[in-house]
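Read off the chains here:
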Amino acid sequence: MHKSSRLALYHFWVAFGLFAPAALLGAWQMWTRSPLPAPLHDHPNAYYASVTLHGTIMAYVLTTFFAMGFGYAIAATSLGRPIRGEKAAWIGFAICLAGTLMAAASVVSGKASVLYTFYPPLLASPWYYVGAFLLIGGSMIWVVLMSINMRAWKRDNPGQPLPLAMFAITATAYLWAWAASGVLLELICILIPRAFGWTDLIDAALGRTLFSVTLHAIVYFWLMPAYIAFYTLVPQAAGGRLYSDTMGRLTFIMFLVFSVPVGMHHLFADPEHGSGFKFVQSFLTFLVALPTLVTAFSVSASLEIAGRHRGGRGRLGWIRTLPWNKPMVLAVGLSLIMLGLGGFGGIINMSYAMNAMIHNTSWVTAHFHLIFGGTVVIMYFAIAYEMWPRITGKPLRSERLACCQLWLWCIGILIVTIPWHITGLMGQPRRVAIFDYHIPTVARMGPLVIASVIGGFVLLLSALLLLVVLIRSQFGERAVVEPMRYALAVNPPRHVPVALNSFGVWNAILLALMIAAYGYPIGQFFFLKPHKVPAIEVTSQSIPTQEMR
Ligand code: HAS
Ligand code: CU
């Protein structure tokens, strides 16, 4: 096995190996919140520990390890040479894994049930924060390596356009560095010192604001590998060409520039910021929809090219002729449906006035399970199915089973999230362990909640099928498999402007936008009256802390 392939494979295995148990926790969480009798139902602490582990694995571990593995695979295959800094990459892998295990152990011990957003003044065991810091901080080695590999290739190939896949994964890496800056600062300056007892009080509002710098950008960090597949793998798998390489570059640049200065749309209901800045960031959030709209157009156009090439006629006849039995093609179809529905929800969330209607209700949980769990994660599966033969040298066993798994995933996500959206509109709060279904207004939600439990178990079945396909393939017979190939554009670029081949100017624009959007909102904490509060320790017994007593 090629060295870069082994690196990618190990990253993918950590991602998917932990993903399956996290899916099990998810199914149990849905069950225990429902009117049905569930094991451990009378232990609300188990619920919060479970949600924390589920969220930490899905939001940080699955995504970060997946993006890193995908990045190394792209660097090796799109640039056509072994990656530079392989040793550093393994060191990064070890640091991230150590952080993951440390964070997971402290959640399992019941001392870190602060959920994946760890909003202060909630306080967890310091080892949870140190673990999260190692995982997120360790992935910065990957960011640096993506940048080094991109630059080295450009130096050796002056004037050549960087392959789109490499351009896009480098944009993803830079975006992740910007995104992570908020949570890393929150961890080092606020949470870790307080958790170790080096400080007494905690500035909860500053902590939440720093986390908001991370919170929107991180969701695009999760999303970008899916978009890389849309642009560089889907047209190839469908047997066509990419509609436009330039549109791809613009999309990834827009994601880099627009995703960070908008995080305050997660704080519309928080009192520490004035409505002016909230409005500015609400407005900027509209811009984030642009790259998605461009992408929906480009992907549909690329699929149309493939469908017509395969003999499709008429206005929509090309849809029928697409090879829907290929996991990558099926996944993009299902992914776009979920993106359309989930994106519609996103537009409601970001509308300053309408946010009050859905904030902190199950609607939000439904929104991100649909768009992250659905749109994004289904593409992670498809990427794994595409990559597995290339990195193991063994064909996929089998494409049919893989397609069944993808169908089940999409159906499961829809069964989970459609009722969840409705209960959210009925006022069901998110992040609540136990509901009293004897209360008539809560009882009305019962049937919807039970429906979504069924979806949770369909998802669990699909997660297990994923492992079956990956393990069976890995232990299969070695065979000749085609090398990784990325989609060719209809007009392959011979020369691209510097701005579409590098990131300097875009990082500078982003810095200016960040100063405009966050300069005062963060600065105010240093020149206005301090408003620090006691932290509330979360242990398995939820014992009030010294300060609380
Ligand atoms: Fe979001 C909350 C706004 C996209 C993830 N989001 C969350 C949280 C997560 C998350 C995890 O403004 C919860 C955080 C927490 O725990 O507190 N989100 C948006 C907006 C978009 C958006 C405007 N979110 C995502 C993506 C995520 C993600 C992507 C993960 C990967 N979100 C919010 C807001 C909140 C929020 C507020 C805070 C809520 C609160 O109060 O707490 C946009 O990027 C969406 C753009 C997408 C579109 C859709 C375009 C249409 C398409 C259709 C093409 C389809 C075709 C096929 C052609 C505008 C692509 C046929 C289609 C059919 C439909 C048949
Ligand atoms: Cu957001």
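First things first, this report covers the structure right here in the doc. (Residues numbered from 1 in each chain as written. Chains lettered and ligands numbered in written order. Predicted model: local features only at pLDDT ≥ 70, side-chain atom pairs only at ≥ 80, totals over all residues. Heavy atoms only, no water.)

**Quick notes on helix H9 (residues 275-309)**
A rise of 1.5 Å per residue sets the reference length of H9, with its 35 residues, at 51 Å; its end C-alpha atoms lie 52 Å apart and thus fit the reference within 8%. Glycine 311 sits one or two residues past H9 and shows a positive phi near 100°. (Helix = DSSP H or I, 4+ residues; strand = E, 2+ residues; numbered from the N terminus. Expected span 1.5 Å × (residues − 1).)

**Describing the coordination of the iron atom of ligand 1**
Of all protein atoms, just one serves as a donor to the iron atom of ligand 1, and that atom is His367 (NE2), at 2.2 Å. With respect to the helices and strands, the residue histidine 367 is situated in helix H13 (residues 362-392). (Donors = N, O, S within 2.8 Å, 3.2 Å for Na, K, Ca; no water.)

**Points about the site of ligand 1**
Around ligand 1 lies a shell of 32 residues, among which Tyr220, Asn355, His359, His367 and Arg430 are the nearest. Looking at the shell around ligand 1, the elements that each hand over two or more residues are helix H6 (204-232), H9, helix H11 (327-350) and H13. The leading source of residues in the shell around ligand 1 is H11, at eight residues. Here the shell around ligand 1 is built from residues that sort into 18 nonpolar, 12 polar and two charged. (Near = heavy atom within 4 Å. Nonpolar A, V, L, I, M, F, W, Y, C, P; charged D, E, K, R; others polar.)

**Here's the deal with the coordination of the copper ion (ligand 2)**
Distances from the copper ion (ligand 2) to its protein donors, His216 (ND1), His265 (NE2) and His266 (NE2), fall within 2.0 to 2.1 Å. Considered as a linear motif, the donors of the copper ion (ligand 2) on their single chain read H-x48-H-H. Here the copper ion (ligand 2) and the iron atom of ligand 1 are spaced 4.4 Å apart. Separated by 50 residues along the polypeptide, histidine 216 in helix H6 and histidine 266 in the loop between helix H8 (245-258) and H9 bring together distant segments of the chain. Take histidine 216: its relative accessible area is 9%, and that puts it in the buried class. (Buried < 20%, exposed > 50% of the residue type's maximum accessible area, 1.4 Å probe, protein only.)

**Remarks on unusual backbone geometry**
Proline 120 connects to proline 121 through a cis peptide bond whose omega is 15°. Residue position: proline 121 is located in the loop between helix H3 (86-108) and strand S1 (122-123). At the junction of arginine 397 and serine 398, the peptide bond is cis and its omega measures out at -10° in the coordinates. You can see serine 398 is positioned in the loop between H13 and helix H14 (399-425). Even without glycine at this site, leucine 40 takes up a positive phi of about 65°. Mapping leucine 40 onto the fold places it in the loop between helix H1 (3-32) and helix H2 (44-78). Overall, the relative accessible area of 48% leaves leucine 40 in the partly exposed class. In the Ramachandran plot, arginine 431 falls in the positive-phi region, its phi being about 60° despite a non-glycine side chain.

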